[in-house]
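Coordinates in review
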Amino acid sequence: MLDSAIALSASEESPPPQRRRRGGRRRTLLAGTAVLAIGGAGVAVYALRDGKAATQETDTTLPTVAVTRGGLASTTEADGTLGYAGSYTVLAGGDGRITWLPQAGDVIRRGHQAYGVDGHRVPLLYGTMPFWRELQEGMSDGYDVLELERNLAALGYGDNLAVDKSFTWATAEAVRDLQKDQGMTRTGTLAPGDVVVQPGAIQVKTLQAALGGGAGGAVYEATGTERRVTVSLPVNQQNIAKKNAAVRVTLPGGKTVAGYVSSVSTVATSSAKSGSQTGAGTENATFEVTVTLDKSADVGSLTGAPVTVGFTSNELKNVLTVPVNALLASSEGEYSVNVADSAGKVRSVPVKLGVFDGDKVQVTGDLTVGMKVQVPRP
């Protein structure tokens, strides 16, 4: 009889209905949750239901970073090559023998010796028109005379020199002074081969003549002295390269310097070889972008070096930002951040992502400036 009573009591015993319902709901909620972490912050599990976040388990000891408001810009990086602006050929246009040559890497400026012929110096002058006739007193006016007089004045010759298109006695006197300093016969007359004319200062690149050789033809190849970066971009990235737009150039070793887009080519070229599959040339077509550095001295003596150029586009101002490693990504492609209040309580806040800029990202959601979002431990 006692055994029957015990058995009956045991059969009527059951868990409280309320506890059973609560446990069933928890199992359902966890079964429908799958959250991935960006940046290794996999220490919190969240469920997103009907667009609202519910905290399940949170590590409240994680470090936090404040939500900020400011400007962001997306950056597209491309490989480039650091070199010098321009490409020039220095020609010798006279008789005689070459008796002096510069070395590769030498920089030659106005009035300095470009090369030597028969024991006298052939100086460099700046201009856009090579001298094509003998310059002497009584000749007809011309732009070549103006170019010569500009150089004479810049070098300090001719107190009475009028810088115009007329070759006068004062021009001839200034030419004699130049010839004296260069070791030339003081005739007051200049032949085309007596000087070298280039747009500006040059740097010797490759010698093509030899000492003792005839003073005719190419003497050496040269570049300008201004540092430039050239980048070949795919034609489908034309929107990221705008003339005069600021860029950041990362040098070998990680140093970053400032620059700007100085020119954008309108000609596209392709590396596709003859006989390639139809359309290959179109797909591989690139255009050239030239970047000028704000301070050439920032790159030291580097030349011909590989660099990375960061082109800035899609600039935004006054937007909310959080660290990229504060983001939590769900398997449904939704994102959230953990917000910690002053009491240490942590809640999940869904966010929509915008522009990424380095280690920051634009977000929109139930956030305000100064809120603390959790980030992974270092």
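How each quantity is defined
Sequence order sets the numbering: in each chain, residues are counted from 1 along the sequence as written. Given that the model is predicted, a residue must reach a pLDDT of at least 70 before its local features are reported, and side-chain atom pairs must reach 80 or more before they are shown or counted; all residues, however, enter totals for whole chains, interfaces and linings. Note that water and hydrogens are dropped before the side-chain values are worked out from all heavy atoms of the structure. Strands here are runs of E lasting at least two residues and helices are runs of H or I lasting at least four, both read from the DSSP assignment and numbered beginning at the N terminus. Burial status follows relative accessibility: with a 1.4 Å probe on protein chains alone, a residue under 20% of its type maximum counts as buried, one over 50% as exposed, and anything between as partly exposed. The accessible surface values rely on the Shrake-Rupley method and a 1.4 Å probe; as for residues, cover is taken only from the protein chains in view. Only strands joined by at least two bridges in the DSSP assignment are considered to pair. Centres within 6.5 Å are what make two rings of Phe, Tyr or Trp a pair, Trp counting through its six-membered ring; a difference in plane orientation under 30 degrees is then read as stacked, over 60 as edge-to-face, and the rest as tilted. We call a charge positioned above a ring when the Lys NZ or Arg CZ atom is no farther than 6 Å from the ring centre and deviates by at most 35 degrees from the ring normal. Put simply, buried Ala, Val, Leu, Ile, Met, Phe, Trp, Tyr and Cys residues joined by side-chain atoms within 4.5 Å make one nonpolar core. We define a polar contact as two N or O atoms separated by no more than 3.5 Å, with the added condition that, inside protein, one atom must be a possible hydrogen donor and the other a possible acceptor, whereas residues neighbouring each other in sequence contribute only through side-chain atom pairs. Any two residues having at least one pair of non-hydrogen atoms within 4.5 Å are treated as being in contact. For a helix, the expected span equals 1.5 Å multiplied by the number of residues minus one.

Secondary structure summary: the protein contains five helices and 22 strands in total. Here the protein holds 378 residues, and 35% of them are scored as buried. A total of about 21300 Å² of accessible surface is found on the protein, and carbon and sulfur atoms cover 49% of it.

What follows is about the pairing of strand S6 (residues 88-100). Sheet analysis places S6 next to strand S12 (residues 214-224), joined by seven bridges and oriented antiparallel. Its bridge partner being in S12, Tyr88 is matched across the sheet by Ala222. Bridging between S6 and strand S8 (residues 113-117) involves two bridges; their strand directions are antiparallel. Looking at the pairing, Ile98 lines up with Val117 of S8.

What follows deals with the packing of aromatic side chains. If you walk through the whole model with that rule in mind, you get zero aromatic pairs. Taking the ring centre of Tyr84 as reference, the NZ or CZ of Arg227 above it sits at 4.4 Å.

Attention now moves to the nonpolar core. Within the largest apolar cluster, 21 residues are counted, with the highest numbers of intra-cluster contacts made by Val229, Val231, Leu233, Val249, Val289, Val309 and Phe311. Of all the secondary structure elements, the ones that give two or more residues to this core are strand S5 (68-84), strand S13 (227-234), strand S14 (246-250), strand S15 (256-269), strand S16 (286-293) and strand S17 (305-323). Membership of the second largest hydrophobic core comes to 19 residues, among which are Leu124, Val196, Ala201 and Ala222.

Right, let's talk about the side chain of Thr321 for a bit. Tracing the backbone through its elements, the reader meets Thr321 in strand S17. Thr321 gets classed as buried once you look at its relative accessible area, which sits at 4%. Separated by 2.5 Å, the side chains of Thr321 and Thr68 make a polar contact. Beyond its immediate sequence surroundings of up to four residues, Thr321 is in contact with Val67, Thr68, Leu72, Lys360, Val361 and Gln362.

For helix H3 (residues 143-154), spanning twelve residues, the distance from its first C-alpha to its last is 17 Å, which sits close to the expected 16 Å at 1.5 Å a residue. Positive phi shows up at Gly156, right after H3, with a value of about 90°.

Function cannot be inferred from these measures alone, as they are strictly geometric.
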